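# Coordinate analysis (summary)
In case you want the letters, here they are:
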Amino acid sequence: MGRSARGVYDYLKTIKQPTLVVNGSNDVIMPTINSFIMEQNIPNAQLIIYPIPITARSTSTPELFVEHATLFLNA
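What this report covers is the structure whose coordinates are included nearby.

The rules behind each value
- Residues numbered from 1 in each chain as written.
- Predicted model: local features only at pLDDT ≥ 70, side-chain atom pairs only at ≥ 80, totals over all residues.
- Heavy atoms only, no water.
- Helix = DSSP H or I, 4+ residues; strand = E, 2+ residues; numbered from the N terminus.
- Contact = heavy atoms within 4.5 Å.
- Buried < 20%, exposed > 50% of the residue type's maximum accessible area, 1.4 Å probe, protein only.
- Patch = residues over 30% accessible without salt bridge, like charges linked within 9 Å, V, L, I, M, F, W, Y side chains within 5 Å.
- Areas by Shrake-Rupley, 256 points an atom, 1.4 Å probe, with all protein chains shown as cover.
- Salt bridge = Lys/Arg side-chain N within 4 Å of Asp/Glu carboxyl O.
- Pairing = 2+ DSSP bridges.

We now examine the overall build of the chain. The secondary structure content of the chain amounts to three helices and two strands. When the helices and strands of the chain are read in sequence order from the N terminus, they spell out β-α-β-α-α. Put simply, 68% of the contacts in the chain that link residues at least 6 apart link residues at least 24 apart.

Attention now goes to the environment of Pro18. Within the secondary structure layout, Pro18 lies in the segment before β1 (19–24). By relative accessible area, which is 57% here, Pro18 ends up exposed. Distance from Pro18 to Leu73, taken between C-alpha atoms, is 9.0 Å for residues 55 residues apart in sequence.

All of the buried residues along helix α1 (residues 32–41) are Thr32, Ser35, Ile37 and Asn41. Against β1 and β2 (45–50) lie the buried residues of α1.

On the surface, a cluster of nonpolar side chains totalling about 330 Å² of accessible area is made up of Val28, Ile29 and Met30. Looking at the element boundaries, Val28 is found in the loop between β1 and α1. Assessed through its relative accessible area of 79%, Val28 is described here as exposed.

In terms of strand pairing, β1 meets β2 through six bridges, oriented parallel. By the bridge assignment for β2, Thr19 is matched with Ala45.

Residue placement: Ser35 occurs in helix α1. What Ser35 contacts, discounting residues up to four positions off in sequence, is Val21, Val22, Asn23, Met30 and Leu47.

Spelled out as structure tokens, the structure:
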């Protein structure tokens, strides 16, 4: 993995809204490392990584996602 240029993620620090970042482990559409970088750079971000790809998660465990999203929204 290459190194990023200095300040490349600074724009994420300007996001003021609480942010829920959701991904699946080993997701091929959105690499999991990208979600970690987002969580590290967005103030008030929370990260949930499900143990399966996000596309499979959305159809196999919608109840769990809804529970997590509800907890986030009610916080």
